[in-house]
Amino acid sequence: MNATPIIGLEVHVQLLTRTKIFCGCPNRFNPDQPNTQTCPVCLGLPGALPVLNEEAFRLSLRTALALGCRIAPFTKWDRKQYYYPDLPKGYQISQYDLPFSHDGVVEIGGETEGDVPRRLRIRRAHLEEDAGKNLHDESGRGGDSRVDLNRAGTPLLEIVTEPDLGSAADARAFLEDLRLLLTDLEVSDCNMQEGSLRCDANVNVRLALDDGGTATTPIVEIKNLNTFSGVEAAIEHELARQIAEFQRTGRRFGDPGAEKETRGWSAERNETFAQRGKEEASDYRYFPDPDLAPVTVAAEEVARIQERLCEPPGARRRRFAGEHQLSEYDARVIVSQGRQFADYFEAVARACGDAKQAANFVTQDVLRELNARGLGIREFPLTSDVLGGLLARVAQGGITVKSAREIFGELLAAWSARAEAAEDGADVDVGELPGEAAIERIIAERGLAIVNDEGALEAALAAAIADSPRAVEDFRAGKQQAAGAIIGKVMKQVKGADPKRVRELLLKKLA
Amino acid sequence: MSERLTPQLVERVARLARLKLAPDEVERFTGQLQQVLKYVAQLDAVDSRDVEPLAHPLELTNVLRADEPAPGLSREAALANAPRTDGRYFLVPPILDEK
Ligand SMILES: [Zn+2]
């Protein structure tokens, strides 16, 4: 049976503001100090008046524009009524029929040979407040639930896609890019462990039947997915479960009794499970919130934000592959490290004129050192100019790649030594970063400059051959590795000789 | 009113509001709410076909505040009105429908 998955996502993103969305309480993850970040507004005490945080709205506009959404010139706030202990007012302030943005589009895939890019439409993005947190008694003795309202009122951006995703892998790819985009935009820290990025997935399947007709299975909403692998696995599982259930029951979307179902995901058991349906769950009885004034957005403001948007991750990968001729793999690794890292790569590539070499160094050497030292690219002691200058020497034949690696290591070692000395109280300037002068000094001290003086090479080669009759004999008898001994002697004689050139000359001589 | 106010509807609204009504209360509130709705329904006499729905009663827009922290409540004050606490959290009867 041919099955076409129909997948849409609802993503909740906590925004990176200093304070909550409608009050001046700190917006900070702080589960160890429950109920210490509240005020009459976020506790929903009588008489309290919410006022919108302008930064939360600005960050939301930035995100929506980066997702290609249209910004509504007029937007308002609504109350979504439901009762739950983590919702002190008995309603959530949200946006119902006039969200601040709608109708965006992003592109997925199309980065490997033969992969056709897919469009994912964004239905809307709206702003709302997060609820508090319930902690359930885990003992099984039915003890009280505890409620922490530190999180109540955290600005939450909800992004709703159309059901355009055709596979669990695409759903994951979209979310991974979304996380990159949101961190690049400095809109959210997207810390999934702390719940800054959460996702619900709406899943069903269109089946081509043997009789030539089609059937669509009932829609299932999988709630509270908070890892990328969880999203992918939960959708995979759910698709298979729906197909099996259809084969068993024949139940289709729209059949009586086949209403939208809510399921949870258990990573331990690797399966989705039925959640007790909330009765009349969709009866939220929205109405406009009289406490909050509507917001209007001028076209000039939209244009101003649009102008300053950074390049989205997918577009950047495609550009790296085209403009810099990077492999799909290199482009992916570089962009996945975030905007600053990708900027660093581009600056190095421009400075050295060899993007492939820059990619090699950045994805291997730089990344390794960052990880080993626990640094971000902004704290990395070698600026893009310095690394670019070092690699330019390789590109221009001044030093070998091997020497560049040696100098790279030496510059970092010297910087570390200075930092350690400073920690021990020595009077050294740790702000001074390794520069061109240090590169020149190491090249001179270690004789790393490639010697292109053919006369000197010829002379040294002649001497080495005369000095190694045994090796010459072995080599002529077919022992390739015997050449190494002769080359070694030349290298010792002429510091900075290019071993490749020496080998060439030797082969010519002994031919 | 397109939907007639029946005792079933009163029960449903009560359930959504987590109110437990006795049968005689359902009967009494159905009558009272019918009166309220009848009163409000006088507005139906006005032809509002060409009137934009009102988003807000005041002609105010863009009431915003800067993203600056303001003093809040101490934990003691936050928990002061709660029926039950353990000194750190609000305590509520066990929530069943999540696990
Ligand atoms: Zn507050």
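Residues numbered from 1 in each chain as written. Chains lettered and ligands numbered in written order. Predicted model: local features only at pLDDT ≥ 70, side-chain atom pairs only at ≥ 80, totals over all residues.

## Some details on the overall build of chain B
Helix and strand counts for chain B stand at three helices and two strands. The secondary structure elements of chain B, listed N-terminal to C-terminal, are α-α-β-α-β. By the compact-globule yardstick of 13 Å for 99 residues, chain B is too spread out, its C-alpha radius of gyration being 22 Å. Its C-alpha atoms put chain B at 55 × 45 × 25 Å along the principal axes. Each of the 99 residues in chain B was classed as buried or not, and the buried ones make up 6%. (Helix = DSSP H or I, 4+ residues; strand = E, 2+ residues; numbered from the N terminus. Rg over C-alpha atoms; globule rule 2.2 N^0.38 Å. Buried ≥ 20, exposed ≤ 12 C-beta atoms within 10 Å, placed from the backbone.)

## Focus on the overall build of chain A
Scanning chain A from N- to C-terminus turns up 16 helices and 18 strands. For chain A, whose C-alpha radius of gyration is 31 Å, the value lies well above the compact-globule estimate of 24 Å for 511 residues. Counting over 511 residues, chain A shows a buried share of 37%. Considering only contacts in chain A between residues 6 or more positions apart, those separated by 24 or more positions represent 70%. (Contact = placed C-beta atoms within 7 Å.)

## Overview of the interface of chain B and chain A
Facing the 36 residues of chain B at the interface are 41 residues of chain A. For the side of chain B that touches chain A, the secondary-structure elements that each account for two or more residues are α1 (7-16), β1 (64-65), α3 (75-79) and β2 (90-92) of chain B. As defined by bridge partners, strand β2 (residues 52-53) of chain A adjoins β1 of chain B across two bridges and the pair is classed as parallel. Residue pairing in the sheet places Leu52 of chain A in a bridge with Leu64 of chain B of β1 of chain B. (Pairing = 2+ DSSP bridges.)

## Quick notes on the pairing of strand β8 (residues 118-129) of chain A
Residues and elements named next belong to chain A. Across seven bridges, the pairing between strand β7 (residues 101-108) and β8 is antiparallel. Across the sheet, residue Glu107 finds its bridge partner in β8, namely Arg119. Sheet analysis places β8 next to strand β11 (residues 155-161), joined by seven bridges and oriented antiparallel. Bridge pairing in β11 links Leu127 to Leu157.

## Thoughts on unusual backbone geometry
Residue and element names in this part refer to chain A. Its identity as a non-glycine residue notwithstanding, Asn224 has a phi of 55°, on the positive side. Along the polypeptide, Asn224 turns up in strand β14 (residues 220-225). Looking at Asn224, the number of C-beta atoms within 10 Å reads 15, which means it is partly exposed. Positioned with a positive phi, Gln325 is a non-glycine residue whose angle comes to about 60°. Positionally, Gln325 belongs in the loop between α6 (313-323) and α7 (328-336).

## A short note on the sheet that holds strand β5 (residues 78-81) of chain A
All names here are of chain A. The three strands are arranged β6-β5-β17 in an open sheet whose pairing can be described as antiparallel. Edge positions in the sheet fall to β6 (91-94) and β17 (287-288), since each has one partner strand and no second. Here β5 pairs with β17 via two bridges, running antiparallel. For Arg79, the partnering residue across the bridge sits in β17 and is Phe287.

## A closer look at the nonpolar core
Residues and elements named next belong to chain A. Counting 75 residues, the largest nonpolar core has Ala171, Phe174, Ala201 and Ile235 as the members making the most contacts within it. Here this core takes nine residues from helix α3 (residues 168-184), the largest share from any one element. With residues near it in sequence (within four places) discarded, Phe174 still touches Val106, Ile108, Leu120 and Leu165. Grouped together as the second largest cluster of nonpolar side chains are 35 residues, Phe320, Leu326, Val362 and Val386 included. (Core = buried A, V, L, I, M, F, W, Y, C linked by C-beta atoms within 7 Å.)

## Observations regarding the environment of Leu149 of chain A
Residue and element names in this part refer to chain A. Along the polypeptide, Leu149 turns up in the loop between β10 (145-148) and β11. Sequence spacing of Leu149 and Pro88 is 61 residues, and the spatial spacing of their C-alpha atoms is 8.3 Å. In this structure, Leu149 is in contact with Asn35, Thr38, Cys42, Leu43, Pro88 and Gly132, ignoring residues within four places of it in sequence.

## What to know about helix α9 (residues 355-373) of chain A
Residues and elements named next belong to chain A. Across its 19 residues, α9 extends 25 Å between first and last C-alpha, which sits within 8% of the 27 Å expected from 1.5 Å per residue. Along α9, the sharpest change in direction is near 35° and occurs at Val362. Inspection of α9 places Ala355, Ala358, Ala359, Phe361, Val362, Thr363 and Val366 among the buried residues, and these make up the whole buried set. Tucked into the core, α9 has its buried residues touching α7, α8 (339-352) and α10 (384-395). (Expected span 1.5 Å × (residues − 1). Bend = angle between axes of the 7 residues up to and from the residue.)

## A few points about the confidence of the model for chain B
All names here are of chain B. For chain B, the average pLDDT comes to 90, and 93% of its residues sit at 70 or higher. Least confident of the elements in chain B is α1, whose mean pLDDT is 91; most confident is β1, at 98. What the predictor reports for the complex is a pTM of 0.86 with an ipTM of 0.90. (pLDDT = per-residue confidence, 0-100.)

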